[in-house]
Amino acid sequence: MKPILNALLIADNVYCDKETNKKVIAGTFNQLAIRRPSERVPESVEPAGGRKKTAGPDAGSPTLYINLAEVRGCVPLTLRFVDLLDNSVSFEGEFTIQNEDPLQNSELIVRLPRLPCRRAGVHALELLTEGEPIGSLRILVREDTGASGDEAEGGGRE
């Protein structure tokens, strides 16, 4: 029997209260804005000293909250980001979840890379187990017109 997906949310961050183990999901979104390639900010810079400096942790990387029911033992999971126009997979990752009591819900907090959106359109984060879909979250990617001017490269969120 495959697990049942109770929640699949993408957010700016997910915090865990250490005393209560409650999750605080901050800044949920389902839309991204991308800039044209000529407008993108370089990933690294060449400072005056001649030493190349690359940015640290990516502030544009979202966090995924997953809540599953009916997890029995060790269950393999696959998460992939798909462009629904042509079903191309931009990234895919595999991990496992373990739960000995299927009556207890299982929660996962997954730090994602910056979502690789090459074009505007509808994309999806899909969660699978053993090749079978459990659920998905659609994400609308639109082209940034530059009207607001305050959105981050490759991932202005709304």
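One can find the structure itself at the top, above this paragraph.
In this text the structure is predicted, and so the values were computed from the model without any measurement.

Okay, the overall build of the protein chain next. When helices and strands are tallied, the protein chain shows zero helices and 12 strands. Across the 158 residues in the protein chain, those meeting the buried criterion constitute 36%. In the protein chain, 68% of the contacts between residues at least 6 apart in sequence involve partners at least 24 apart. Taken as a whole, the protein chain presents about 9600 Å² of accessible surface, with 49% of it coming from carbon and sulfur.

It is worth spelling out the pattern of salt bridges at this point. As a working rule, side chains carrying opposite charge can pair if their charged atoms are close by. Taken as a whole, this structure holds five salt bridges when the rule is applied. In this structure, Arg 119 and Asp 86 form a salt bridge, with 2.9 Å as the shortest nitrogen-oxygen distance. Highlighted residues: Arg 119 in the loop between β9 (106-111) and β10 (121-129) and Asp 86 in the loop between β7 (73-83) and β8 (88-99), separated in sequence by 33 residues. Of the residues examined, Arg 119 reaches a relative accessible area of 32% and is grouped as partly exposed. When salt bridges that share partners are traced, they join Asp 83, Asp 86 and Arg 119 into one network.

What follows deals with the nonpolar core. By size, the foremost hydrophobic cluster in this structure holds 26 residues, and its most contacted members are Ile 10, Leu 64, Leu 112, Leu 115 and Leu 125. Those elements that provide at least two residues to this core are β1 (4-16), β3 (31-34), β6 (63-69), β7, β8, β9, β10 and β11 (132-143).

Here we come to the sheet that holds β6. Read from one edge of the open sheet, four strands run β2-β1-β6-β9, paired in antiparallel fashion. Strands at the two margins of the open sheet, each flanked by one partner only, are β2 (23-28) and β9. Looking at each pair of strands side by side, their axes are set apart by 40° on average, direction ignored. Pairing between β1 and β6: seven bridges, direction antiparallel. For Leu 5, the partnering residue across the bridge sits in β6 and is Leu 68.

About the thresholds
- Residues numbered from 1 in each chain as written.
- Predicted model: local features only at pLDDT ≥ 70, side-chain atom pairs only at ≥ 80, totals over all residues.
- Heavy atoms only, no water.
- Helix = DSSP H or I, 4+ residues; strand = E, 2+ residues; numbered from the N terminus.
- Buried < 20%, exposed > 50% of the residue type's maximum accessible area, 1.4 Å probe, protein only.
- Contact = heavy atoms within 4.5 Å.
- Areas by Shrake-Rupley, 256 points an atom, 1.4 Å probe, with all protein chains shown as cover.
- Salt bridge = Lys/Arg side-chain N within 4 Å of Asp/Glu carboxyl O.
- Core = buried A, V, L, I, M, F, W, Y, C linked by side-chain atoms within 4.5 Å.
- Pairing = 2+ DSSP bridges.
- Axes fitted to C-alpha atoms, helices over the stretch in contact; angles between N-to-C directions.

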